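Topology and contacts: notes
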Amino acid sequence: MQRPLDGILVVDFTRYLPGAFAGAELLRLGARVVRVERPGGDPMRMTAPEWHDLLNAGKELAAWAGAGLLLEQADVVLESFRPGVAAQLGVGPEAAPETAVYCSITGFGVGGPHEQRAGHDLNYLGWAGVLADTAPAWPPVQVADLAAGSLGAVTEVLAGLLERERTGRGTRIVVSMTHGSHRLASHRVAGDPRPRLLTGALACYRTYATADGRYLTVGALEPKFFRRLCELLGRPELGGSQYDAEQEELAAELARIFAARPLADWLELCEGEDVCVGPVATLAEAASDLGAPPPGRAPAAGAHTERWRAELGL
């Protein structure tokens, strides 16, 4: 893999998932990432130690003492305090080098009516309108934290670094997890081609239980895919009902068919066919199938403090 951020130092003052994942992505792209933890460390060490280990493996961890000196060396700064708190702690954007790309990951941005409101992923998704179709259920991945927050921050940081290459100047970035989450669904604001098009309205775009208690994903939106699926199921006549106004009768019939055989049978039947069918894999199955690397271990709190003291001449 390319490492385009070789030589870039990221100083990370964040806590919890959004900043940790953003830092992990920048590390993956070649940056040197040092997390600066306040006394007591990132609360995720206690609340979700497995997540903390995986997201901080390969990073350097330094104690808060000397945070200002580290900040002076930064190419990129990440922080996730409520607006104004970083400045109170002496690590706000005004304390960063003029060449630094300084990124604040916030719940609601700055200047709006919710600026100081407390929240977490579920709150941000609710405010953003993302849960309207599926409540009281919620996504199994923290969309506001990881997509709007983490990946939103990475996108803006990369753009900031590109701008710095052109101008020599850094930039100040504010990422709002709520606004970012809303952008992910904003293409639907003017309405769907069909209400809840991809959130449960269509029988051809659902998950179905199988005989062994597993689930199959069916995403056969295009007529050619759905027709072929119905042929494989031995029910070609169902293909003409794909976009009928009444979908529940079709969904019930598909549910009855899929419930008759185990998941492995359906996957074998559909192997090599253009039908947009797959498993609801467990995380372990997905990691094995995709060849994901084994999880690493995060350094102990402050493990690299002395190394950084030496580099800074302290």
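Residues numbered from 1 in each chain as written. Predicted model: local features only at pLDDT ≥ 70, side-chain atom pairs only at ≥ 80, totals over all residues. Heavy atoms only, no water.

1. A word on unusual backbone geometry
What counts is decided by this rule: What counts as a helix is a DSSP run of H or I of at least four residues, what counts as a strand is a run of E of at least two, and both are numbered from the N terminus. Residue burial is assigned from relative accessible area. The probe radius is 1.4 Å, only protein chains are included, and a residue is buried under 20% of its type maximum, exposed over 50%, and partly exposed in between.
That bond from Ala135 to Pro136 is cis: its omega, 15°, falls within 30 degrees of zero. The topology assignment puts Pro136 in the loop between helix 6 (121-128) and helix 7 (143-167). Look at Tyr16: it is not a glycine, yet its phi comes out positive at around 65°. By the element assignment, Tyr16 lies in helix 1 (residues 16-28). Even without being a glycine, Cys276 presents a positive backbone phi close to 55°. Assignment of secondary structure puts Cys276 in the loop between helix 12 (263-270) and strand 9 (277-279). The class for Cys276 is partly exposed, based on a relative accessible area of 35%.

2. Observations regarding the layout of surface pockets
Quick reminder of the rule: Of the grid points, spaced at 1 Å and generated over the protein atoms alone, those admitting a 1.4 Å probe that cannot get out make up cavities, while open sets with protein on both sides within 12 Å along at least five of seven lines make up pockets; any residue with an atom within 4 Å of a point is treated as lining. Grid points are joined across faces, edges and corners, and a volume is the space filled by probe spheres set on the points. Ten residue types, Ala, Val, Leu, Ile, Met, Phe, Trp, Tyr, Cys and Pro, are classed as nonpolar, four, Asp, Glu, Lys and Arg, as charged, and the remainder, Gly among them, as polar.
Reported here for the largest pocket is a volume of approximately 1,100 Å³. Listed by contribution, the elements that provide at least two residues to the lining of the largest pocket are helix 1, helix 3 (49-56) and helix 13 (283-290). With six residues, helix 1 is the single largest residue contributor to the lining of the largest pocket. Split by residue class, the lining of the largest pocket holds 20 nonpolar, two polar and three charged.

3. Overview of the state of the cysteines
Put simply, the rule reads: The disulfide definition used here is simple: a pair of cysteine sulfur atoms within 2.5 Å.
In this structure the tally under the stated criterion is zero disulfides. Looking at the unpaired Cys204, the closest cysteine sulfur is the one in Cys230, lying at 9.3 Å. Relative accessible area serves as the criterion here: at 0%, Cys204 is assigned to the buried category.

4. What to know about the sheet that holds strand 5 (residues 101-106)
Rules: The pairing criterion for strands is at least two bridges between them, as found by DSSP. Fitted lines through C-alpha atoms give the axes, limited to the stretch in contact for helices. The angle between two N-to-C directions lies from 0 to 180 degrees. Whether two residues are in contact is decided by their heavy atoms, any of which lying within 4.5 Å being enough.
Spatially, the six strands line up as an open sheet ordered 3-2-1-4-5-6, and their pairing is parallel. Lying at the two open borders of the sheet, with one neighbouring strand each, are strand 3 (60-63) and strand 6 (171-176). For this sheet, the mean inter-axis angle between neighbouring strands, taken without regard to orientation, is 20°. As paired strands, strand 1 (residues 9-12) and strand 4 (residues 76-79) are joined by three bridges and run parallel to one another. Note on strand 4: the bridge partner recorded for Asp12 is Leu78. Strands strand 4, strand 5 and strand 6 of the sheet are contacted by helix 7, whose axis makes an angle of about 160° with strand 6. Across the sheet, helix 8 (residues 177-185) touches strand 5 and strand 6, and the angle it forms with strand 6 is around 65°.

5. Considering the environment of Pro136
The exposure class of Pro136 is exposed, given its relative accessible area of 74%. Residues Pro136 and Gly152, spaced 16 residues apart in sequence, show a C-alpha to C-alpha distance of 26 Å.

6. Side note on the sheet that holds strand 8 (residues 215-219)
Taken in spatial order, the three strands of this open sheet run 7-8-9, and their pairing is antiparallel. Two strands lie at the open edges of the sheet, namely strand 7 (205-209) and strand 9, each paired on one side alone. Strand-to-strand twist across the sheet, computed as the mean angle between neighbouring axes with direction ignored, equals 25°. Across five bridges, the pairing between strand 7 and strand 8 is antiparallel. Across the sheet, residue Arg206 finds its bridge partner in strand 8, namely Val218.

Don't take any of this as a statement about function, it's just geometry.
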